[in-house]
Structure formats: structure tokens, C-alpha cells
Amino acid sequence: GVPTPFNPSHSVSAGFCSRKHPMATGAACVFVVRRDQDIYMETLRKLFNESHGIFVGLQRCEEERAARARNAQLVQVSKNYRSVIRACMEDMHQAASKSVLSGQRFSAFFFQVSILSAMELIWNLCEILFVEAAPAGPLLLRLLDWVQLHICDVDNMVREVLSSENPSKHKLFWNVVDIFVLQGRMDEARHLLSKEAIANPTSMKMYKILDDLMKKMPLGNTQTLTEMELKWQHWHEECQRYLQDGTFASNSHMESICKILLGDENAILEKKELMTTWYHFLVTRLLYSHPTVKPMELRFYAQSSMDMFLGEESSPEPLDTILMAAFEFELHQVIKECSVALSNWWFVAHLTDLLDHCKLLQSHNLYFGSNMREFLLLEYASGLFSHHSLWQLGVDYFDHCPEYGRVYLELHIERIPLNTEQKALKVLRICEQRQMHEQVRSICKIMAMKALRNNRLGSALSWSIRAKDAAFATLISDRFLKDYCERGCFSDLDLIDNLGPSMLLSDRLTFLGKYREFHRLYGEKRFSEAARLLLMLMTAHIAPCSFWMTLLTDALPLLEQKEVIFSAEQTYELMRCLEDLTAGKLDRQKFQDDDVETMKVEMLRLALARNLARVIVKEGTLEGS
């Protein structure tokens, strides 16, 4: 989604207003295109993190629950999502109040708060109409709660009026009373009117009658619709009688309130400035003219209310279009309009998933094979994967997309930059848990190559073993052996000593492990075992030919021991290996040209001959005895 430009306004539709595109001016511009810009906003991290837990919990909940219990659970999930949105708004307000923000940053904060406020407004309406599916009667009560929660917050105005010396004389007194009446908050309106009665004893009679009418107003969900309609009709006739009798003629404010109670549309529209939005007007209009409205009747009242409230001077904004689609029960239109208007995929992905669990989207498959729920979740999760840490949340979203989730996860996980070994291990664990063998090998090869480039041979060998890459393990084993030849000792002894069955991955790795074992046996003065292992490495052709001279040289200290280590047969084998090494043309030329190598060969021949003589004498003595 592309962020919608900010348009300063005090209504929740602020973040939905459009603005002429800068390219239309003809100016030369370079745009940095970035997927889901909101993903990078620190202030929205809480929204992404906490909603992830709600989403995962919803996927794991029991499908077999009874329909009523299931519905209650889904309503609770919806409220949990809304509480996260509200918590984010509160955090933003606190952050803005604690720090001095520049004009640009303040605008960005206000823009984001207005977007979140609109998101909660839409979500709450969808919760009432689709998730809870409130029937006639309770429906209006839910819509009243919706209006009171989201629109015309009068708390500051009320505090200002009540804290004044003479509340009934305050310039905002009747405004506050009117707002309470327009929102169906009768107890609060009656409490304020009592202040007027005390201050003006002459209006006491009018006040008592109006107070009685407001008190009697039938509002509640404990009765049947028939009882409700009957009580409301009697109450409505009583209000009508007092108005026609001119009971409130001497007080225009009370008369206006009585007209509102009767559902007089002109009287309600006179308070347009106090309601600020057409959907507030809709709910007030229904409250006083059709309190038992059925869900499917809402579309007619909503359209006429918007037309009456906006008139010809203003046209609907994107938020109005979305709310109207909801009142018309056009679910797919709500999702479509939100996808266009909102600046990220979070809202539509989570709302669609919830509605899908309510079995409201089952019939809607997209033309390219996926359903709407999965398509939106894939888009949202793909955006998360562009963030350096939020990608971990995206994994669970892909996991719960049965059609294409696995494919998307495989593609995205390969693009994660493996900056540290810790991060690589985290990615690897995710792949291993899901049997993504190709990705496991790829990650291990990448990390092995990085370690090799940094000359960290132990780490490189460990990653290549994990990747089960025989060729790379052979290459690194050769590097270990080369280092040993140059330095005379091994690095990363812990790793080589504990190779275990992993050494069978390649012949060279096997040789490296066994050669290290030879050194360990020699260091522990277990000379006979060391000699047998050394000879086995050569005669079984595990050792590379280039390393034979090193092995034969390692045999010299064993040949020079006071105690005879090599038997006659073993000595003959060593002699044969030495002759095989020096017999080739190239090797013979090399030994002739290199004095050091020639000296080594001569020393070996001498040591082998002396050892053979000692063995023959020893074995002859043993036979003689």
C-alpha cells in the first residue's frame, strides 16, 4: 500500500483525504519506492508485535466449539485487536506530549493517529455488524456505544462547564446537554438539566416534565421487539402531546430537545455542528425514529442520512465510502476500499482473517487460485519480511496460508541478510522445523563461505558439515592440513576432536579427524595404537598422496623409540610406501632438486633399516627363547 498524504483536519477521516500528486506539477522528482513504509515506523511496532500473538491464538482455537461459544470467542478476539489499536494511539499521544516535535514530525504523528483512529472506527463497526451480528434491538445499543466511543468526545467540554461557578449560565451548557441527548446519554443529560432547574426555579415544571420523558424513554435489550415497539409508541405519543400543548414553548432549548426526542429530522440537523459526521446523525436519527431497526434496513437509512447531512456542498470521502459499504453489508467492498485507502496491509489482512473465521468469506476465491484471506495475509507477511527484525512475525503468517504460504516463505527466507551467526542460526532453526532442506543447505553454504573468507576455518567446517556439503568439507579440510604443515599445530582442536560420525562426510574430513586422533594418541604416549593408525592412513589410501611425506616424517620419532614399536611387517609396509612416494618421475625429480626432501628420505631409509634390524633381532630372540 502507498501512504495517503496528510490533510490536517480534526475528524477521524483526516488520514483518508487525498491530495494532488506532486508529479502532476511537472517537477522532476525521484521517488524511493519501499514496500509497506509503515513497517519501518517505530511507533507501530507494538501494533505488529501484539496483534501477531492474537492472530496465532485465533488460528489455534478449537473449531469444534458450540456456535454460541465460538461467536463469543470471535467477538473477544475482535475486541483484543481493537485494544491493541487503541493502545498504539495512546502510546503516540504520550510520545508526542513528552517530546518537543517539529512541525513535520507533529504532522506525521497526527496523521498516524488519525489513521489508527479511523481503523478502529471501521473495525468496531464491522465487529457490530459482521462478527457479533447484533440483531434488531441490541443493534441500536451497539451503534450508540460505537458513536459514544469514537465521535464527539465531550469530556473536556463537560469538565469546563461543571467546573464553572454557575454551570447553567456557561456558554457551552446547552451544547453539552444537546450532545448528551444526541448520543442517547440520558442520565448525564438529566444530571446537567437539574443544574438548570436549580438555577431557574421558574423552569422547574418544564424541567420535571422533560426529565420524566427522558427517564421513561424505552431503551434496553431485555424485552422482546414487540414490547419495545409498543412502549416506544406510547412514549413517543406522550412526547408529541407535550410538544403540541406548548409545554416547552417558553424555553427554546427544552423545546428543541423535545423535538429531538420525537425524531424531528430538521431539529436534529440543526445540531449538525455538534454531531460533526453523518454516521453520528444516522445513529441519532435511528434512536429517536426507528430504535428497532433491523440490520438489513440500515443501508436505506445510512444512504439517506449521508445525503441529508452532507447536502450538495460536499462529497463523500474514502472513510465515508468504507462505512457506507459496511452499512450496506458489502463486505468485499469494505475490504477493497480499505486496501486502497489505508497505508499498510495490517488492517485488511487481520480483519479479513477474522471475518473468514466467522465463515463470511468462504465463497470468495480470487481468479488466480488463492482466496482473499490468504492473498492479503501473504501481502502483509511479505511486507514484514522487508524489516530487519519483524520478519520473524511474518513466518507465522506464511505458516497459516495453506495454498501459497510455504512457497512464499521459501522465497523470502532466502533473501534475509545473514549479518551474524546468531541470525543465521535463527533462520536455520525455522527452516529445519519446517523441513526446508534446500534452504538449510543454502544458508549453511553461505555462512561457510563467509567464515572461510574471514579465515575462520572451524566455523567454516562446522557450517559445511551442517550443510552436508562433501566438496566444501574437503576444501576446508585441505586448508586445515595446509595450516598444520605451515604452523606445525592444529587450530580449532575442540571441533576436530568431536567430529564423531560427521567425519564420514568426505574422505579428506575422515583423514583430518583420524590424523588428529594420531596426534592425540602420540601425545598420550600410546605409541603402538598411534603407529597402527598412522600405517592404516597410508595403506588404506585415506591420506592424500601429497601428505604421505608428512606422515612418514611423523613415523620417525616412533622408529627412534627405545622400545620397538613397528613390527617387521609394518616396517616393510612403511618402506613400500616410501618407495612408492619416490618412484614416480615427477616425485623423483622433486626429491633430487630439494636437498631437504632428499635428506628426509635418507633419514627415513636409515631409520627404517635400523628399526628392521632391531625387529629381526628382537623377533629372533623371542623365537630362540
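Since this is a predicted model, take the numbers as computed values, not measurements.

Some details on the overall build of the protein
Now for step 1: Within the protein one finds 31 helices and 0 strands.
Now for step 2: Residues classed as buried in the protein amount to 49% of the 625 residues present.
Now for step 3: Contacts spanning at least 24 positions in sequence make up 66% of the contacts within the protein whose residues lie at least 6 apart.
Now for step 4: As displayed, the protein offers around 31,400 Å² of accessible surface, 52% of which is attributable to carbon and sulfur atoms.

Quick notes on the environment of L58
Now for step 1: Inspection of the secondary structure assignment puts L58 in helix α1 (residues 45–60).
Now for step 2: The spacing of L58 and L74 is 16 residues in sequence and 8.2 Å in space, taken between C-alpha atoms.
Now for step 3: Excluding anything up to four places from it in sequence, L58 contacts L74, V77, D353, L354 and H357.

Some points on the nonpolar core
The nonpolar side chains of soluble globular proteins are, as a tendency, buried together.
Now for step 1: Of all hydrophobic cores here, the largest spans 197 residues; its most connected members are W146, L261 and F327.
Now for step 2: A per-element tally of this core places helix α3 (residues 103–131) first, with 16 residues.
Now for step 3: Ignoring anything within four residues of it in the chain, the contact list for F327 reads L125, L129, L143, W146, W278, Y279, L282, L298, R299 and A302.

Some words on the pattern of salt bridges
Now for step 1: Counting across every chain of the model gives 29 salt bridges.
Now for step 2: A salt bridge links E579 to R605, with the nearest nitrogen and oxygen atoms 3.3 Å apart. Placement of E579 in helix α29 (residues 568–583) and of R605 in helix α31 (residues 595–624) is noted, with a sequence separation of 26 residues between them.
Now for step 3: Since its relative accessible area comes to 37%, E579 is described here as partly exposed.
Now for step 4: Assessed through its relative accessible area of 33%, R605 is described here as partly exposed.
Now for step 5: In this structure, a network of salt bridges that share partners links the residues R82, R86, E120 and E127.

Some thoughts on the side chain of H52
Now for step 1: As for its position among the elements, H52 is in helix α1.
Now for step 2: Looking at H52, the relative accessible area reads 15%, which means it is buried.
Now for step 3: For H52, the side chain forms a polar contact with the side chain of D396, separated by 2.7 Å.
Now for step 4: Those residues in contact with H52 that sit more than four places away from it in its chain are L393, D396 and Y397.

Focus on the packing of helix α19 (residues 391–399) against helix α20 (residues 405–413)
Now for step 1: In contact at an axis separation of 8 Å, α19 and α20 are set at 155° when each is read in the N-to-C sense. Between α19 and α20, the interaxial angle falls into the category roughly antiparallel. Contacts between α19 and α20 involve V395, F398 and D399 from the former and G405, R406, Y408, L409 and H412 from the latter.

With respect to unusual backbone geometry
Now for step 1: Look at A133: it is not a glycine, yet its phi comes out positive at around 50°.
Now for step 2: Locating A133 in the fold gives a position in the loop between α3 and α4 (138–150).
Now for step 3: The backbone of F329 shows a phi angle near 60°, a positive value even though the residue is not glycine.

So, the environment of E619
Now for step 1: Residue placement: E619 occurs in helix α31.
Now for step 2: Residues E619 and S567, spaced 52 residues apart in sequence, show a C-alpha to C-alpha distance of 8.9 Å.
Now for step 3: If we ignore the near neighbours within four places in the chain, the residues touching E619 are S567 and A568.

Some remarks on the state of the cysteines
One way to say it: the disulfide is the covalent bond shared by the sulfur atoms of two cysteines.
Now for step 1: Going through the model one piece at a time under the given rule, you end up with 0 disulfides.
Now for step 2: No disulfide involves C239; its nearest neighbouring cysteine sulfur is the one of C258, lying 5.4 Å away.
Now for step 3: Free of any disulfide, C431 has its nearest cysteine sulfur in C444, 9.2 Å distant.
Now for step 4: The class for C431 is buried, based on a relative accessible area of 0%.

Details of the packing of α1 against α19
Now for step 1: Orientation of α1 relative to α19, taken along the N-to-C sense of each, is 25°, at an axis distance of 11 Å. Classified by the angle between their axes, α1 and α19 sit roughly parallel to one another. Helix-helix and strand crossings are classified by hand; for α1 and α19 the assignment is left-handed. Contacts between α1 and α19 pair F48, N49, S51, H52, F55 and V56 from the former with L393, D396 and Y397 from the latter.

Here we look at the packing of aromatic side chains
Now for step 1: Enumeration over the complete set of coordinates arrives at 21 aromatic pairs.
Now for step 2: A centroid spacing of 5.4 Å and a plane angle of 85° characterise the contact between W278 and Y279, whose relative ring orientation is edge-to-face. Summarising the burial analysis for this pair, W278 and Y279 share the class buried.
Now for step 3: Ring centres of W278 and F327 lie 6.0 Å apart, and the angle between their planes is 65°; on these two criteria the pair is classed as edge-to-face. Here F327 lies in helix α15 (residues 318–327) and W278 lies in helix α13 (residues 278–289), a separation of 49 residues in the sequence.
Now for step 4: Looking at W278, the relative accessible area reads 2%, which means it is buried.
Now for step 5: Feature note: the residues F48, F55, Y380 and Y397 constitute an aromatic cluster, connected by ring pairs.

What about the side chain of T352?
Now for step 1: You can see T352 is positioned in helix α17 (residues 346–357).
Now for step 2: According to the relative accessible area criterion, T352 is buried, its value standing at 0%.
Now for step 3: For T352, the side chain forms a polar contact with the main-chain oxygen of V348, separated by 2.5 Å.
Now for step 4: Once residues within four sequence positions are removed from consideration, T352 is found in contact with I335, L361, M372, R373 and L376.

As for the confidence of the model for the protein
Now for step 1: Averaged over every residue, the pLDDT of the protein is 83; residues scoring 70 or more account for 85%.
Now for step 2: Predicted confidence in the protein is weakest over helix α30 (residues 585–593), with a mean pLDDT of 54, and strongest over α15, with 95.
Now for step 3: Predicted confidence for residues 1–15 stays below pLDDT 50, and this span has 37 contacts to residues more than four positions away or in other chains.
Now for step 4: Here residues 17–26 scores under 50 on pLDDT; set against residues more than four positions off or in separate chains, the count is 10 contacts.

Brief notes about helix α28 (residues 548–559)
Now for step 1: Between the first and last C-alpha of α28 there are 16 Å, a value that for 12 residues agrees with the 16 Å anticipated at 1.5 Å per step.
Now for step 2: For α28, a buried count of 9 out of 12 residues is recorded, marking the element as mostly surrounded by other parts of the structure.
Now for step 3: Looking at α28, one finds that the buried residues are W548, M549, L551, L552, D554, A555, L556, L558 and L559.

Cut-offs used in this document
- Sequence order as written defines residue numbering, which begins from 1 separately in each chain.
- Selection of residues for local features in this predicted model requires a pLDDT of at least 70, selection of side-chain atom pairs for listing and counting requires 80 or more, and totals for whole chains, interfaces and linings are taken over all residues.
- To obtain the side-chain values, all non-hydrogen atoms of the structure were used and water was disregarded.
- Helix and strand definitions follow DSSP, with helices as H or I runs of at least four residues and strands as E runs of at least two, each counted in order from the N terminus.
- Each residue is placed in one exposure class: buried if its accessible area under a 1.4 Å probe, protein chains only, is under 20% of its type's maximum, exposed if it is over 50%, and partly exposed if it falls in between.
- Whether two residues are in contact is decided by their heavy atoms: any pair within 4.5 Å suffices.
- All accessibility values rest on the Shrake-Rupley procedure with a 1.4 Å probe; residue burial counts only the protein chains present in the view.
- Side-chain atoms within 4.5 Å are what join buried Ala, Val, Leu, Ile, Met, Phe, Trp, Tyr and Cys residues into a set we call a nonpolar core.
- Salt bridges are counted wherever a side-chain nitrogen of Lys or Arg sits within 4 Å of a carboxyl oxygen of Asp or Glu.
- Any N or O atom pair separated by 3.5 Å or less is treated as a polar contact, with the protein-specific requirement of one donor-capable and one acceptor-capable atom, and with residues adjacent in sequence counted only for side-chain atom pairs.
- Every axis corresponds to a line fitted to the C-alpha atoms, with the helix fit spanning only the stretch in contact, and the corresponding angles, defined between N-to-C directions, vary from 0 to 180 degrees.
- If an angle is under 35 degrees, it is roughly parallel; if it is over 145, roughly antiparallel; if it lies from 65 to 115, roughly perpendicular; otherwise it is oblique.
- The rule for a disulfide is simple: a pair of cysteine sulfur atoms within 2.5 Å.
- Each helix crossing is assigned a hand: it is left-handed if the near helix lies turned anticlockwise from the far helix by less than a right angle, otherwise right-handed if that turn is clockwise.
- Aromatic rings from Phe, Tyr and Trp, taking only the six-membered ring of Trp, are treated as a pair when their centres fall within 6.5 Å; an angle between ring planes under 30 degrees marks them as stacked, one over 60 as edge-to-face, and anything in between as tilted.
- Note: pLDDT gives the predictor's confidence per residue, expressed from 0 to 100.
- Expected helix span is computed as 1.5 Å times (number of residues minus one).

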